[in-house]
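An overview of the molecular structure
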2 protein chains.
Amino acid sequence: MNDNWLDQIKWTDDGLVPAIAQDAESGRVLMFAWMNRESLGLTVEKGEAVYYSRSRQKLWHKGEESGHTQKVKSLRLDCDGDVITMKIEQTGGIACHTGRESCFYREFQDGEWVAIDKVIKDPKDIY
Amino acid sequence: MNDNWLDQIKWTDDGLVPAIAQDAESGRVLMFAWMNRESLGLTVEKGEAVYYSRSRQKLWHKGEESGHTQKVKSLRLDCDGDVITMKIEQTGGIACHTGRESCFYREFQDGEWVAIDKVIKDPKDIY
């Protein structure tokens, strides 16, 4: 496999691309993070999501601490070549560091962001 | 309605937040774009997606040219407060400027990005 598919991606000036992880079965958006060229290459190689942590400035193999790895079933690229979606199987059913299925657990209701999804596992028991 | 909900968003240094639009029924990710404070406020006010075009550096009421507006059914915010998802009803069933349902029409297959979704309407007939 050559690297043409990586060359086709329009990386940001910082060499990143946004990646949206969706549950492979339900389609629910579980999280949003960034990847660099190396992490996207590793994601395909391993079949598990590897992001690039902008805050820690290093590769972030999702689940390396929590055990909540993400098995990648398929990948898509958008029309502009600058955003990726991934269908994943989420180990433990928990993608969010708050112990919830999805990072998007707050819904807009009457002018407020309201946490409406339950915590599946106490973060203290995850990390 | 006060602006607390807008203050809770962690805007980028450029004053933006990524917004992921999903079909309200199927959950399919249709597009990804950016919003600034004004466009997000207008999105809620109008009940239709208003983005901020980084290339044109102005508000972008989705569908203003194509007619393919997006009726916003619900909004969510992620754990870090820096990404939004929206469940929308896509007018015409076409979110992508290529005339396809979704901007994510290319799938990764054997080391290549392959366009697998059909064009619903010729872009020449849209714009």
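If you're wondering where the values come from, they're calculated on a predicted model, not measured in any experiment. (Residues numbered from 1 in each chain as written. Chains lettered and ligands numbered in written order. Predicted model: local features only at pLDDT ≥ 70, side-chain atom pairs only at ≥ 80, totals over all residues. Heavy atoms only, no water.)

**What about the interface of chain B and chain A?**
Here is the rule: It only takes one pair of heavy atoms within 4.5 Å for two residues to be counted as in contact. Here the quantity called buried area is the accessible surface, traced with a 1.4 Å probe, that two parts lose on coming together, added over both. Criterion for a salt bridge: a side-chain nitrogen of Lys or Arg within 4 Å of a carboxyl oxygen of Asp or Glu.
Counting residues at the interface gives 37 residues for chain B and 37 residues for chain A. Between chain B and chain A, roughly 3,300 Å² of surface is buried when both sides are summed, and carbon and sulfur atoms account for 65% of that area. If you sort the residues of chain B by the area they bury against chain A, B:Arg76, B:Phe104 and B:Trp113 come out on top, with a joint share of 23%. Connecting chain B to chain A are two salt bridges.

**Structural notes on the relation of the copies chain B and chain A**
Comparison of the two chain copies shows a relationship of rotation about an axis with a shift along it. The condition that has to hold: The copies are overlaid by a least-squares fit using only the C-alpha atoms of residues whose pLDDT is at least 70 in both copies.
Superposition record for chain B on chain A: RMSD 0.0 Å, screw rotation 180 degrees, translation along axis 0.0 Å. A rotation of that kind, with that shift, is consistent with a two-fold axis. Minimal C-alpha separation from the rotation axis in chain B is found for B:Gly27, amounting to 2.9 Å. In this assembly, 100% of the residues forming the interface of chain B have copies in chain A that are likewise at the interface, indicating an isologous arrangement.

**Things to note about the sheet that holds strand β2 (residues 29–36) of chain B**
Condition: Any two strands between which DSSP finds at least two bridges are classified as paired. Here a helix means four or more residues in a row that DSSP labels H or I, a strand means two or more in a row labelled E, and each is numbered from the N terminus. Every axis in this analysis is a line fitted to C-alpha atoms, fitted for helices over the stretch in contact. Angles between the N-to-C directions lie between 0 and 180 degrees.
Read across the open sheet, the six strands follow the order β8(A)-β7(A)-β5(B)-β6(B)-β1(B)-β2(B); overall the sheet is mixed. Either end of the sheet is taken by a strand with one partner, and the two such strands are β8 (112–115) of chain A together with β2 of chain B. Sheet twist, expressed as the average angle between the axes of neighbouring strands with direction ignored, equals 35 degrees. Direction of pairing for strand β5 (residues 70–77) of chain B relative to strand β6 (residues 84–90) of chain B: antiparallel, over a ladder of seven bridges. Looking across to β6(B), one finds that B:Val72 is bridged to B:Ile88. Packing against the sheet, helix α2 (residues 37–46) of chain B makes contact with β7 (106–109) of chain A together with β2, β5 and β6 of chain B, and its axis sits at approximately 120 degrees to β2(B).

**Focus on the environment of A:Arg37**
Residue and element names in this part refer to chain A. We apply this condition: Throughout this description, a polar contact denotes any pair of N or O atoms lying within 3.5 Å of each other; where both atoms belong to protein, one of them has to be capable of donating a hydrogen while the other can accept it, and for residues adjacent in sequence the pair is counted only when both atoms sit in side chains.
Structurally, Arg37 is set in helix α2 (residues 37–46). When near neighbours in sequence (up to four residues on either side) are disregarded, Arg37 contacts Asp3, Leu6, Asp7, Trp11 and Gly15. A polar contact is formed between the side chain of Arg37 and the side chain of Asp7, at a distance of 3.0 Å.

**Some remarks on the nonpolar core**
Just so we agree on the cut-off: Take the buried residues of types Ala, Val, Leu, Ile, Met, Phe, Trp, Tyr and Cys, join any two whose side-chain atoms come within 4.5 Å, and each joined set is a nonpolar core. Think of it in three bands: residues with accessible area under 20% of the maximum for their type are buried, residues over 50% are exposed, and the middle band is partly exposed, with areas taken using a 1.4 Å probe on protein chains only.
Formed by 68 residues in total, the largest nonpolar core has its most connected members in A:Ile20, A:Tyr51, A:Met86, B:Tyr51 and B:Met86. Those residues within four positions of B:Met86 in sequence are excluded, and the remaining contacts are B:Ile20, B:Ala21, B:Gln22, B:Met35, B:Thr43, B:Ala49, B:Tyr51, B:Val72, B:Ser74 and B:Leu75.

**Re the pattern of salt bridges**
Oppositely charged side chains may form a pair once their charged atoms are brought near each other. Overall, the coordinates contain 14 salt bridges over all chains when judged by the stated rule. Between A:Asp122 and A:Lys124 there is a salt bridge; the shortest N-O distance is 3.4 Å. Residues B:Arg28 and B:Glu101 are paired through a salt bridge, measuring 2.8 Å at the closest nitrogen-oxygen approach. Taken as a pair, B:Arg28 in the loop between β1 (16–23) and β2 and B:Glu101 in the loop between β6 and β7 (106–109) lie far apart in primary sequence, 73 residues in all. For B:Arg28, a relative accessible area of 21% gives the class partly exposed.

**Points about the sheet that holds strand β1 (residues 16–23) of chain A**
As summarised here, the arrangement of the six strands in space is β2(A)-β1(A)-β6(A)-β5(A)-β7(B)-β8(B), forming an open sheet in which the pairing is mixed. Here the strands that pair on one side only, and so sit at the sheet edges, are β2 (29–36) of chain A together with β8 (112–115) of chain B. The mean inter-strand angle of the sheet, taken between neighbouring strand axes irrespective of direction, is 35 degrees. As judged from the five bridges shared by β1(A) and strand β6 (residues 84–90) of chain A, these two strands associate in the parallel manner. Considered in β6(A), the bridge of A:Asp23 is made with A:Ile88. Running at roughly 120 degrees to β2(A), α2(A) makes contact with β2, β5 (70–77) and β6 of chain A together with β7 of chain B of the sheet.

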